[in-house]
Amino acid sequence: MTLILFSYFAAVIVATAIGVIASRKPVNSALALLVMFFHVAGLFVLLDAEFIAAVQIIVYAGAILVLYLFVVMLLNVRAEEGYHRQFVVGLVVGLAILIEAVLILSRSGFADRFPPTVSLAPSAAAIQGNTEAIGRALYTTYLFPFEVASLILLVAMIGAIILAKKGIFGKEERRK
Amino acid sequence: MVPLSYYVILSLIVFMIGVIGVLIRRNIIVILLSIELMLNAANINFVAFSHYLQNVTGQVFVFFVLTVAAAEVVVGLAIIIALYRGKSTIHVEDVNRMKW
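About the criteria used
Residues numbered from 1 in each chain as written. Chains lettered and ligands numbered in written order. Predicted model: local features only at pLDDT ≥ 70, side-chain atom pairs only at ≥ 80, totals over all residues. Heavy atoms only, no water. Helix = DSSP H or I, 4+ residues; strand = E, 2+ residues; numbered from the N terminus. Buried < 20%, exposed > 50% of the residue type's maximum accessible area, 1.4 Å probe, protein only. Contact = heavy atoms within 4.5 Å. Areas by Shrake-Rupley, 256 points an atom, 1.4 Å probe, with all protein chains shown as cover. Axes fitted to C-alpha atoms, helices over the stretch in contact; angles between N-to-C directions. Parallel < 35°, antiparallel > 145°, perpendicular 65-115°, else oblique. Nonpolar A, V, L, I, M, F, W, Y, C, P; charged D, E, K, R; others polar. Buried area = accessible area lost by both parts, 1.4 Å probe. Salt bridge = Lys/Arg side-chain N within 4 Å of Asp/Glu carboxyl O. Polar contact = N/O pair within 3.5 Å; in protein donor to acceptor, adjacent residues only side chain to side chain.

**Concerning the overall build of chain A**
A tally of regular secondary structure across chain A gives eight helices and zero strands. For chain A, the α and β elements follow one another from N to C terminus as α-α-α-α-α-α-α-α. Looking at the 176 residues of chain A, the share that counts as buried comes to 34%. Put simply, of all contacts in chain A between residues at least 6 apart along the chain, 56% involve residues at least 24 apart. For chain A, the accessible area works out to roughly 10,700 Å², and carbon and sulfur atoms hold 71% of it.

Dropping the structure here:
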């Protein structure tokens, strides 16, 4: 059952990821990415990470992608006629790295060290609940990285305001 | 049950699709979307390892990836808007002033 669900989610994720980079209109790319985010969230539920799945939908699909769609519609860009002229090189390089990595992975005996039998004994996270376990780790062990993350968000906010505001350096003021 | 290597290979495929997208597309917005693909591939890996090692740390790291993704999107889109205002294009080969 889990394998069937995984296969469905994986197939849709790969298909929509290809749709993101292949479709000519940016709006179609963004909507394909939306479908992909929902299926990645489904994969997270499959992995017993319910809270992360909810955050994935709320933050990625609800906030980040809406921002993308907003900018796409604001700029009203035309559809591309073709890909970049390094299309063939990019494709060959990407596929070569992919094949190499899959080869390395399949020969490393990596899968034997993580046998597919999970939760022989119910873990601590499963007993006290996923959200509680994450909160406990986030606010005790990872408190300092958490504060640094808030600083990153502050810097991003200030940077976006400064970059997008017209005439904040006084030079463009005359053009109005 | 699904072996861990399936998840790793899935995230590898998604990551490489993102890399190919960055290399072949001309629209800067789609290039940023490809970067989102790569970040999501990393998230799949984090959560899969967190599940198989029975350790919640991987899921905490997804939060930090999410924070960085949000910051990257906000700054990137602000740069795109500033670029479009100045040059009326968001195609990468039209923006080559800093190329030697």
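**Here we look at the packing of helix α8 (residues 143-164) of chain A against helix α3 (residues 57-87) of chain B**
Across the interface, α8 of chain A lies against α3 of chain B with an axial gap of 9 Å and an inter-helix angle of 10°. Classified by the interaxial angle, the pair formed by α8 of chain A and α3 of chain B is roughly parallel. Of the residues in α3 of chain B, those touching α8 of chain A at Pro145, Phe146, Ala149, Ile152, Leu153, Ala156, Ala160, Leu163 and Ala164 of chain A are Phe64, Thr67, Val68, Ala70, Ala71, Val74, Val75, Ala78, Ile79, Ala82 and Arg85 of chain B. A class-by-class count of the residues in the contact of α8 of chain A with α3 of chain B yields 18 nonpolar, one polar and one charged.

**Observations concerning the interface of chain B and chain A**
Contact with chain B, which involves 71 residues of that partner, is made by 85 residues of chain A. Taken together, the two surfaces of chain B and chain A that pack against each other cover about 7,100 Å², and 79% of this comes from carbon and sulfur. When residues of chain B are sorted by the area they lose upon contact with chain A, Ile24, Arg25 and Leu33 of chain B head the list and together hold 9% of the total. In this assembly, chain B and chain A are joined by zero salt bridges. At the boundary of chain B with chain A, the tally comes to eight residue pairs in polar contact (both at pLDDT 80 or more). When residues of the side of chain B that touches chain A are traced back to their parent elements, those giving at least two are α1 (4-24), α2 (28-52) and α3 of chain B. Ranked by residues supplied to the side of chain B that touches chain A, first place goes to α3 of chain B with 25 residues. When grouped by side-chain class, the residues that make up the side of chain B that touches chain A number 52 nonpolar, 12 polar and seven charged.

Read these as geometric descriptors, not functional statements.
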